[in-house]
Amino acid sequence: MKAKLVKVFAVTAALSLSLTGCVKSGGGSSATGPGATTVPAGSAASAGSAGSAGSAGSAGASGGAASAGGGGAGCATGPVKVGYIPKLGTDPYMTTVRDGAMDAAKEIGGSVVYTEPSEATGAAQIPFVNQLVSQGVGAIAISGSDLNGARAALKAAQAKGIKVISFDSDVAPDARSLFINQADTGELGQKMLDSMAGLIHNEGEFAVLSSTQTAVNQNAWIADMKKRLSSDSKFAKMKLVTIAYGEEKADINAQKAKELVQTYPNLKGIIVPAGIGLPAAAAALQQSGSLGKVKITGLAPASIIKNYIKSGNVQDIWWNVTDLGYLSYYAAQAVAQCKAKTAAGSTLTAGRLKDFKIGENGEIILGPSTIVTPANIDQFKF
């Protein structure tokens, strides 16, 4: 069983490396297509260096118009370079978002500069904001590790004419123009709780194993779960015993999952709303023999946990991650070129995904999520 646990961690790491490895710093002919540069963790220290800026400048043929209005005030006159700042650069979820953005870049021009923070904190994202500014991007797309951690740096970028959007997890609304959300926040919290209720038959103790205490989206989902637990009678026999944190690290999530089972002997389930955490928790409980007695649901790439889902002991809430990257890139280019209004009720057109209505506070929702079960797991490629 220990070998299986190691294998799951290795698969997650290998998937991450195989995706990020397709894009080399300095551009050229990458396997995933032209127009992308990877900025690894650690290189942010050289944010102002000529070599760093030059690397991004050679991002590929599709970035030929990248400098059109990119760093100045007003509207870009053509496609720009879009810098992506994920929570964690090697997370397979985030590299899939990147690949979706690159698909969009092939269609409408411009280029993708993908950065690789090594820690999922707002502070870790700040150097990459500054680096992208120095590289002359026209827009920044960020998945906020916390709401306000990078706010000042993002506002400084805005002051230099760089447009900012957020995706996946929001930042302070005054530090971005649009927020591209994978699904309605309330819906995700509801579906995770509904999934857990189904797995444990609406009765018993369960825990939440989240990512970090400052994660904006996870905290919103947990708040929604708590609200429904206290107000909806169908959850009257369910009890949320604790919230633990895996710190966006597979080994810590595995350890925390085992600790939850040991600390709460009557535990029937764990909700893990984090893509790195769910596979690690499932592998750890399978190794310890607890999976089955304790059910798991949450958010993770469906393909990585396919065998666990087919066993009936794990469920998943998921959506098309590639489309999230695709939509975010269209949104970034539209904002940079002043082709999109950000007022509620306005419409954004995003290629093959068609039209999206902009909601309150500049939020665009990709679409509804799905509870992944043994019956529909084969529909999900990632």
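Cut-offs and rules
Residues numbered from 1 in each chain as written. Predicted model: local features only at pLDDT ≥ 70, side-chain atom pairs only at ≥ 80, totals over all residues. Heavy atoms only, no water. Helix = DSSP H or I, 4+ residues; strand = E, 2+ residues; numbered from the N terminus. Expected span 1.5 Å × (residues − 1). Buried < 20%, exposed > 50% of the residue type's maximum accessible area, 1.4 Å probe, protein only. Polar contact = N/O pair within 3.5 Å; in protein donor to acceptor, adjacent residues only side chain to side chain. Axes fitted to C-alpha atoms, helices over the stretch in contact; angles between N-to-C directions. Parallel < 35°, antiparallel > 145°, perpendicular 65-115°, else oblique. Left-handed = near helix turned anticlockwise from the far one by under 90°. Contact = heavy atoms within 4.5 Å. Nonpolar A, V, L, I, M, F, W, Y, C, P; charged D, E, K, R; others polar. Pairing = 2+ DSSP bridges. Right-handed = clockwise from strand over helix to strand, strands pointing away.

## A few points about helix 3 (residues 92–108)
Part 1: The end-to-end C-alpha distance of helix 3 is 25 Å, a good match for the 24 Å that 17 residues give at a rise of 1.5 Å each.
Part 2: Counting buried residues in helix 3 gives 13 out of 17 residues, a clear majority hidden from the surface.
Part 3: At the N-terminal boundary of helix 3, the capping side chain belongs to Asp91, with an oxygen 3.0 Å from the backbone nitrogen of Tyr93.
Part 4: Residue Gly109 follows helix 3 closely and has a positive phi angle near 90°.

## Description of the packing of helix 8 (residues 250–263) against helix 9 (residues 277–288)
Part 1: The interhelical angle for the contact between helix 8 and helix 9, taken along N-to-C directions, is 50°, at an axis separation of 8 Å. With respect to helix 9, the axis of helix 8 lies oblique. Considering how the two elements wind past one another, helix 8 and helix 9 form a crossing that is right-handed. Residues Ala250, Asn253, Ala254, Ala257, Lys258 and Val261 of helix 8 form the contact with helix 9, whose participating residues are Gly277, Ala280, Ala281, Ala284, Leu285 and Gln287.
Part 2: Classifying every residue of the contact of helix 8 with helix 9 gives 8 nonpolar, 3 polar and 1 charged.

## A few points about the packing of helix 3 against helix 11 (residues 321–336)
Part 1: At a closest axis distance of 6 Å, the pairing of helix 3 and helix 11 adopts a crossing angle of 50°. The pairing of helix 3 with helix 11 is recorded here as oblique in orientation. Handedness of the crossing formed by helix 3 with helix 11: right-handed. For the pair helix 3 and helix 11, contact is made by Tyr93, Thr96, Val97, Gly100, Ala101, Asp103, Ala104, Ala105, Glu107 and Ile108 and by Val321, Thr322, Leu324, Gly325, Tyr326, Tyr329, Tyr330 and Gln333, respectively.
Part 2: Here the contact of helix 3 with helix 11 is built from residues that sort into 11 nonpolar, 5 polar and 2 charged.

## Notes on the sheet that holds strand 7 (residues 204–210)
Part 1: Across the sheet, 4 strands lie side by side as 8-7-9-10; this open sheet has parallel pairing. Each of the sheet's edge strands pairs with one partner strand only, and the pair in question is strand 8 (238–245) and strand 10 (295–298). Within the sheet, the average angular offset between the axes of one strand and its neighbour, ignoring direction, is 25°.
Part 2: Bridge count between strand 7 and strand 8: 6 bridges; the pairing is parallel. Across the sheet, the residue bridging to Ser210 is Tyr245, located in strand 8.
Part 3: Its contacts with the sheet place helix 6 (residues 185–199) against strand 7, strand 8, strand 9 (267–272) and strand 10, and it is angled at close to 165° to strand 10.

## Some remarks on the pairing of strand 5 (residues 163–167)
Residues in a regular strand point their side chains to alternate faces of the sheet.
Part 1: Burial analysis of strand 5 places 5 of its 5 residues in the buried class, which makes it a mostly covered element.
Part 2: For strand 4 (residues 139–142) and strand 5, the ladder comprises 4 bridges, and the chain directions are parallel. Along strand 5, the bridge assignment pairs Ile140 with Val164.
Part 3: Between strand 4 and its parallel partner strand 5, the chain crosses via helix 5 (residues 151–159), and the hand of that crossover is right-handed.
Part 4: Here 3 bridges tie strand 5 to strand 6 (residues 178–181), and the two strands are oriented parallel to one another. In the strand pairing of strand 6, Ile165 is matched with Leu178.

## Side note on the environment of Ile271
Part 1: Inspection of the secondary structure puts Ile271 in strand 9.
Part 2: With 24 residues separating them in the primary sequence, Ile271 and Lys295 have C-alpha atoms 8.6 Å apart.
Part 3: Here Ile271 is in contact with Met192, Leu193, Met196, Phe206, Ala207, Val208, Leu209, Met225 and Thr297, once residues within four sequence places are set aside.

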